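# Descriptive analysis of the structure
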Amino acid sequence: MSHISSPTNRLEGTLSGDMTITRASTADWESWNGFGTAILREGFLWDIPLFGIFSSVLNAVIPGLGNIPLSGGTASFTITNSVIHTDDLEIRSPALRLAYRGTVDFKGRVDARVEARLLRDAWVIGPLVSLVFSPLSKLFEYRVTGSLHEPKKEPLYIPKSFLFPLHPFRTLKELFLEEKPDKPEPPPATEKPPTQ
């Protein structure tokens, strides 16, 4: 855990699983291949940047939603040339599910998609609420890039300007600091005809 967190982070839970390496060379850090599974029970992962970047978005929808303990999580993965790939990383709590699919390499570079499914596992009303809000599910689908230490999220289906109510100052900063197109060069000056 020291590679993806700091000593001040609050991390809880029990992590178990298995990993099989089918081919690897200790001389080549990019040669590892294999597969495995992982299971998390009763965890708190919001202080890990890869998961914590969604806390503020979830808290804006329902205060406290982005900081609740997790009931569990599961994932299966493959490793190809030291790139870990998963299609089914799922983190669950009574109030939401986070579904990740994508890759992370041995250098910590991330390229993934994540979808937050609100109140999916809430007792009795979960399936009903999930059905009612299913047309809005794309509002909570993001692409995550960057690194494990400094992940960057970008909504896949909504413009940044729509995120203003959730993060007013950050949204304004991102809108104004985007690369501006180069100014077109002025047309060449035309020569004046000689005066007589």
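Above this text sits the structure in question.
Now for a description of the structure that goes with this document. (Residues numbered from 1 in each chain as written. Predicted model: local features only at pLDDT ≥ 70, side-chain atom pairs only at ≥ 80, totals over all residues. Heavy atoms only, no water.)

## A short note on the overall build of the protein chain
Tallying secondary structure elements over the protein chain gives four helices and eight strands in all. Put simply, the protein chain runs from its N terminus to its C terminus through helices and strands in the order β-β-α-α-β-β-β-β-α-β-β-α. Contacts in the protein chain between residues at least 24 apart in sequence constitute 49% of all its contacts with a sequence separation of at least 6. Accessible surface, the protein chain as shown: approximately 13,200 Å² in total, 60% of it carbon and sulfur. (Helix = DSSP H or I, 4+ residues; strand = E, 2+ residues; numbered from the N terminus. Contact = heavy atoms within 4.5 Å. Areas by Shrake-Rupley, 256 points an atom, 1.4 Å probe, with all protein chains shown as cover.)

## Overview of the nonpolar core
Counting residues in hydrophobic clusters, the biggest one holds 27 residues, and the most contacted among them are Leu50, Phe51, Phe54, Leu98 and Tyr100. Secondary structure elements with two or more residues in this core: strand E2 (28-44), helix H1 (49-52), helix H2 (55-61), strand E5 (96-105), strand E6 (110-118) and strand E7 (141-146). The contact partners of Phe54, leaving out residues within four places of it in the chain, are Tyr100, Val114, Tyr142, Val144 and Lys153. (Core = buried A, V, L, I, M, F, W, Y, C linked by side-chain atoms within 4.5 Å. Buried < 20%, exposed > 50% of the residue type's maximum accessible area, 1.4 Å probe, protein only.)

## Looking at the packing of aromatic side chains
Following the criterion strictly, the structure yields four aromatic pairs and no others. Chaining the aromatic ring pairs together yields one cluster made of Trp29, Trp32 and Phe106. (Phe/Tyr/Trp six-rings, centres within 6.5 Å; stacked < 30°, edge-to-face > 60°.)

## Concerning the pattern of salt bridges
In the structure shown here, the tally under the stated rule is six salt bridges. Ionic pairing is found between Arg101 and Glu141, a salt bridge with its closest N-O pair at 3.5 Å. In this pair, Arg101 is assigned in strand E5 and Glu141 in strand E7, connecting sequence segments 40 residues apart. On the basis of relative accessibility, which here comes to 34%, the residue Arg101 falls in the partly exposed class. The salt bridge involving Asp105 is made with Arg109; its shortest N-O contact spans 2.6 Å. (Salt bridge = Lys/Arg side-chain N within 4 Å of Asp/Glu carboxyl O.)

## Focus: the environment of Val110
Position of Val110 among the secondary structure elements: in strand E6. Sequence-wise, Val110 and Ser147 are 37 residues apart; in three dimensions their C-alpha atoms are separated by 5.3 Å. When residues no more than four places from it in sequence are discounted, the contact partners of Val110 are Leu50, Thr103, Val104, Val144, Thr145, Gly146, Ser147 and Leu148.

## Some details on the pairing of E7
Bridge analysis of E7 against strand E8 (residues 151-155) gives five bridges, and the strand direction is antiparallel. Counted as the bridge partner of Tyr142 is Pro155 from E8. Remark: four residues form the turn of the hairpin made by E7 and E8, two consecutive strands paired antiparallel. (Pairing = 2+ DSSP bridges.)

## Details of unusual backbone geometry
With phi around 50°, Asn81 is a residue other than glycine that occupies positive phi space. Topologically, Asn81 is positioned in the loop between strand E3 (70-80) and strand E4 (83-92). Residue class for Asn81 comes out partly exposed when judged on its relative accessible area of 44%. Of note in the backbone geometry, Ser82 takes a positive phi value of approximately 65° without being a glycine.

## A look at the side chain of Asn33
With respect to the secondary-structure elements, Asn33 resides in strand E2. For Asn33, a relative accessible area of 10% puts it in the buried group. Polar contacts involving the side chain of Asn33 include one to the main-chain amide nitrogen of Asn81, which spans 3.1 Å. Among residues more than four places away in sequence, those in contact with Asn33 are Thr20, Ile21, Thr22, Arg23, Ile79, Thr80 and Asn81. (Polar contact = N/O pair within 3.5 Å; in protein donor to acceptor, adjacent residues only side chain to side chain.)

## Topic: the pairing of E5
Within E5, eight of the ten residues are buried, which leaves the element mostly enclosed by the surrounding structure. Pairing geometry for E4 and E5, over eight bridges, is antiparallel. Bridge assignment links Val83 to a residue of E5, and that residue is Asp105. Hairpin geometry of E4 and E5 is characterised by an intervening segment of three residues between the two adjacent antiparallel strands.

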